[in-house]
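The chain contents come next:
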Amino acid sequence: MAKIKGQIVVNTNRCKGCSLCIEACPKDVIALADKKVNVSGYPYIEPAHPDDCIGCASCAIVCPDGCITVYRKKMED
């Protein structure tokens, strides 16, 4: 049976650190970058546990700034 593996890509310069994606992620993949800010001075999110991503895209759906892209790949066992 094939397993779905996900990967998120964050446009850190558009992210305002609202944390909606962190709350929406069922696998706790995303976290606010520790003591880092983007060019606009906002803290931004980054994948904290990227190997746990299942590609559900919940984070991208709730992102008000559209700065998260989710890629999905089938992994063969």
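Note: the structure precedes this text.
What counts as what
- Along every chain, residues carry numbers that run from 1 in the direction the sequence is written.
- The predicted nature of this model means local features are confined to residues of pLDDT at least 70 and side-chain atom pairs, given and counted, to a pLDDT of 80 or more, with totals for whole chains, interfaces and linings taken over all residues.
- For side-chain calculations, the full set of non-hydrogen atoms in the structure is used, while hydrogens and water are omitted.
- A cavity here means a set of 1 Å grid points, computed over protein atoms only, where a 1.4 Å probe fits but cannot escape. A pocket is an open set with protein on both sides within 12 Å along at least 5 of 7 lines, and lining residues have an atom within 4 Å of a point.
- Grid points are joined across faces, edges and corners, and a volume is the space filled by probe spheres set on the points.
- Gly is put with the polar residues, along with every residue not named as nonpolar or charged; the nonpolar set is Ala, Val, Leu, Ile, Met, Phe, Trp, Tyr, Cys and Pro, and the charged set is Asp, Glu, Lys and Arg.
- Residues enter a nonpolar core if they are buried and are Ala, Val, Leu, Ile, Met, Phe, Trp, Tyr or Cys, with the set joined through side-chain atoms within 4.5 Å.
- Working definition: with a 1.4 Å probe on protein chains only, accessible area under 20% of the residue-type maximum means buried, over 50% means exposed, and in between means partly exposed.
- In DSSP terms, a helix is any run of H or I states spanning at least four residues, a strand is any run of E spanning at least two, and both are numbered starting from the N terminus.
- Note on contacts: a residue pair is in contact if any heavy atoms of the two residues lie within 4.5 Å.

## Some details on empty space enclosed by the protein
Any space left empty among the atoms is revealed by the rolling of a water-sized probe across them. Following the criterion strictly, the structure yields two cavities of 30 Å³ or more and no others. In this structure, the largest cavity spans a volume of roughly 80 Å³. Every residue lining the largest cavity is counted, 14 residues in all, and those nearest its centre are Ile8, Cys25, Cys53, Cys56 and Cys59. Classifying every residue of the lining of the largest cavity by side-chain character gives 11 nonpolar, two polar and one charged. The computed volume of the second largest cavity comes to approximately 60 Å³. Per-class residue counts for the lining of the second largest cavity are eight nonpolar, two polar and two charged.

## Looking at the nonpolar core
Core analysis: the largest hydrophobic core is formed by 15 residues, its most contacted members being Ile8, Cys21, Ile30, Ile45, Cys59 and Ile68. Going through the elements one at a time, strand 1 (3-10), strand 2 (30-37) and strand 3 (43-47) are the ones with two or more residues in this core. In contact with Ile68, not counting residues within four places along its chain, are Ile8, Val9, Cys21, Ile45, Cys59, Ala60 and Cys63.

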